[in-house]
Amino acid sequence: MSKIITVTFNPAIDKSTAVPSIRPDKKLRCTPPVFEPGGGGLNVSRAITKLGGKAPAVYLAGGHSGKFLQELMEAEGVESLVVETKTATRENLIVVDAAAGQQFRFGMPGSEVREEECTNLLRTVEKLDANFIVASGSLPPGIPTNIFGRLAAIARKKGASLIVDTSGEALRDAVDEGVFLFKPNLGELSSLVGREELHQDEVDDVARELLYNGRCRAIVVSMGPAGARLITKEEAYQAIPPVVKQKSTVGAGDSMVAGMVLRLSQGGGLREALQYGVACGTAATMNHGTELCKKQDVERLIGLIRMI
């Protein structure tokens with residue numbers, strides 16, 4: 001099996017709780033909080049571990065919260081390669097309104113990252129043996145948007161495939177530099193080509209425009225209940241999931257990326273990887289908080305994914 005590592009620039013501790021109902025100016029009695037690692041790359045490593053694989057996580061962390069984050073990762077059996085920061089790791093809050101059945105997600109900003117801390121993270125990646133590098137999540141202040149271009153250069157030197165899941169200017173820079181695969185949603189794909197919105201029947205043409213103008217191998221566009229569509233210069237597939245009872249959408253995209261890269265590392269093709277990834281993303285929505293996907297749910301769902 002090929003080796004996978006993940007890279008997270010803006011990790012977090014996700015604190016999840018529930019209240020009977022959310023009302024202003026009242027003291028709200030919360031259920032006991034659940035603490036879980038958060039941040040794109042960390043979630044990908046966690047999901048791969050839950051699926052029976054291995055993916056060491058490279059990430060920035062500092063302060064007491066950074067140490068707690070490492071403890072949470074180790075408790076899940078995920079190897080951590082921590083690059084220490086002077087500032088403390090952020091904490092996010094996820095609150096469920098039990099009466100309304102609604103979930104409220106409060107994402108805190110990341111703290112400023114120093115130039116030497118960013119350089120140390122890249123040096124850590126350079127030293128690791130990897131066939132697949134997954135860089136996922138937002139960028140905190142201090143991290144330049146060209147960071148994915150620098151990662152792409154490292155991946156090319158290693159002969160590794162870089163998979164990117166981010167947004168905004170960082171995503172645009174990643175596309176310009178060339179990566180093996182990136183995963184926008186419809187809104188992010190629209191932004192990349194300067195459009196306010198895209199219809200689903202326009203996705204293939206727009207994606208191929210980006211592929212022909214850049215050096216990317218494939219694009220996977222997440223489309224909510226319609227699943228996800230994978231486009232290369234030569235072919236296109238769509239994986240449509242069955243309807244399931246959703247409990248949380250947190251980490252569904254990360255679970256999808258985890259499933260795809262795991263299947264690719266096992267020698268699977270892009271079509272097979274897409275099907276497995278959508279099964280993993282769908283499985284994640286069946287769990288509370290940021291529990292991500294469960295292997296038994298994925299195995300039950302995989303045969304229900306419709307490929308067109």
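Residues numbered from 1 in each chain as written. Predicted model: local features only at pLDDT ≥ 70, side-chain atom pairs only at ≥ 80, totals over all residues. Heavy atoms only, no water.

Asks: How would you sum up the overall build of the protein chain? Please name residues and give values.
Replies: Looking only at helices and strands, the protein chain has 10 helices and 14 strands in total. With the principal axes as the frame, the protein chain shows a C-alpha extent of 55 × 45 × 40 Å. Considering only intrachain contacts with a sequence separation of at least 6, the fraction spanning at least 24 residues in the protein chain is 65%. Total accessible area on the protein chain is roughly 14100 Å²; 48% of this is exposed by carbon and sulfur atoms. Treating the 36 positive side-chain charges of the protein chain as one cloud and the 36 negative ones as another, the clouds have centres 5 Å apart. (Helix = DSSP H or I, 4+ residues; strand = E, 2+ residues; numbered from the N terminus. Contact = heavy atoms within 4.5 Å. Areas by Shrake-Rupley, 256 points an atom, 1.4 Å probe, with all protein chains shown as cover. Lys, Arg positive; Asp, Glu negative; His and termini not counted. Charge placed at Lys NZ, Arg CZ, Asp CG, Glu CD.)

Asks: Describe the pairing of strand S8 (residues 132-136), with residues and values.
Replies: Taking burial as the measure, the 5 residues of S8 include 5 buried ones, the bulk of the element. Both faces of S8 are covered, namely the face carrying Phe132, Val134 and Ser136 and the face carrying Ile133 and Ala135. Here strand S1 (residues 4-8) runs beside S8; their pairing, made up of 4 bridges, is parallel. Bridge assignment links isoleucine 4 to a residue of S8, and that residue is phenylalanine 132. Sheet analysis places S8 next to strand S9 (residues 161-165), joined by 5 bridges and oriented parallel. Its bridge partner being in S9, serine 136 is matched across the sheet by aspartate 165. Taken together, S8, helix H4 (residues 147-158) and S9 form a β-α-β motif whose crossover is right-handed. (Buried < 20%, exposed > 50% of the residue type's maximum accessible area, 1.4 Å probe, protein only. Pairing = 2+ DSSP bridges. Right-handed = clockwise from strand over helix to strand, strands pointing away.)

Asks: Requested: an account of the packing of aromatic side chains, with residues and values cited.
Replies: Applying the stated criterion to the full structure yields 2 aromatic pairs. Plain terms: the ring middles of phenylalanine 9 and phenylalanine 148 are 5.9 Å apart, the flat faces sit at 90 degrees to each other, and that makes the pair edge-to-face. Here phenylalanine 148 lies in helix H4 and phenylalanine 9 lies in the loop between S1 and strand S2 (12-19), a separation of 139 residues in the sequence. In this pair, the class of phenylalanine 9 matches that of phenylalanine 148, namely buried. Cation over ring: arginine 263 sits above tyrosine 276, and NZ or CZ is 3.9 Å from the ring centre. (Phe/Tyr/Trp six-rings, centres within 6.5 Å; stacked < 30°, edge-to-face > 60°. Lys NZ or Arg CZ within 6 Å of the ring centre and 35° of its normal.)

Asks: Give me the sheet that holds S2: which residues, what numbers.
Replies: If you trace the 4 strands from one edge of the open sheet to the other, you get S3-S2-S6-S7, paired in mixed fashion. Whereas interior strands pair on both sides, the edge strands pair on one side only; in this sheet they are strand S3 (34-38) and strand S7 (102-106). Pairs of neighbouring strands in the sheet enclose a mean axial angle of 25 degrees, with direction left out of account. Note: S2 against strand S6 (residues 90-97), 8 bridges, orientation parallel. (Axes fitted to C-alpha atoms, helices over the stretch in contact; angles between N-to-C directions.)

Asks: Describe the nonpolar core, with residues and values.
Replies: With 44 residues, the main nonpolar core has Val125, Ile133, Phe148, Leu151, Leu162 and Phe182 as its most contacted residues. At 6 residues, H4 tops the list of elements feeding residues into this core. Residues within four places of phenylalanine 182 in sequence aside, it is in contact with Val164, Leu171, Val175, Leu192, Leu210, Cys216, Ala218, Ile219 and Val220. Of all hydrophobic cores here, the second largest spans 40 residues; its members include Met256, Ala258, Met260 and Val298. (Core = buried A, V, L, I, M, F, W, Y, C linked by side-chain atoms within 4.5 Å.)

Asks: Can you explain the packing of helix H1 (residues 40-50) against helix H8 (residues 252-265)? Please cite residues and give values.
Replies: Packing of H1 against H8 leaves a shortest axis separation of 8 Å and a crossing angle of 55 degrees. The orientation of H1 with respect to H8, classified from their angle, is oblique. Viewed along their axes, H1 and H8 form a crossing whose handedness is right-handed. Packed against H1, whose contacting residues are Gly40, Asn43, Val44, Ala47 and Ile48, the element H8 presents Asp254, Ser255, Val257, Ala258, Val261 and Leu262 at the interface. Among the residues forming the contact of H1 with H8, the class breakdown is 7 nonpolar, 3 polar and 1 charged. (Parallel < 35°, antiparallel > 145°, perpendicular 65-115°, else oblique. Left-handed = near helix turned anticlockwise from the far one by under 90°. Nonpolar A, V, L, I, M, F, W, Y, C, P; charged D, E, K, R; others polar.)

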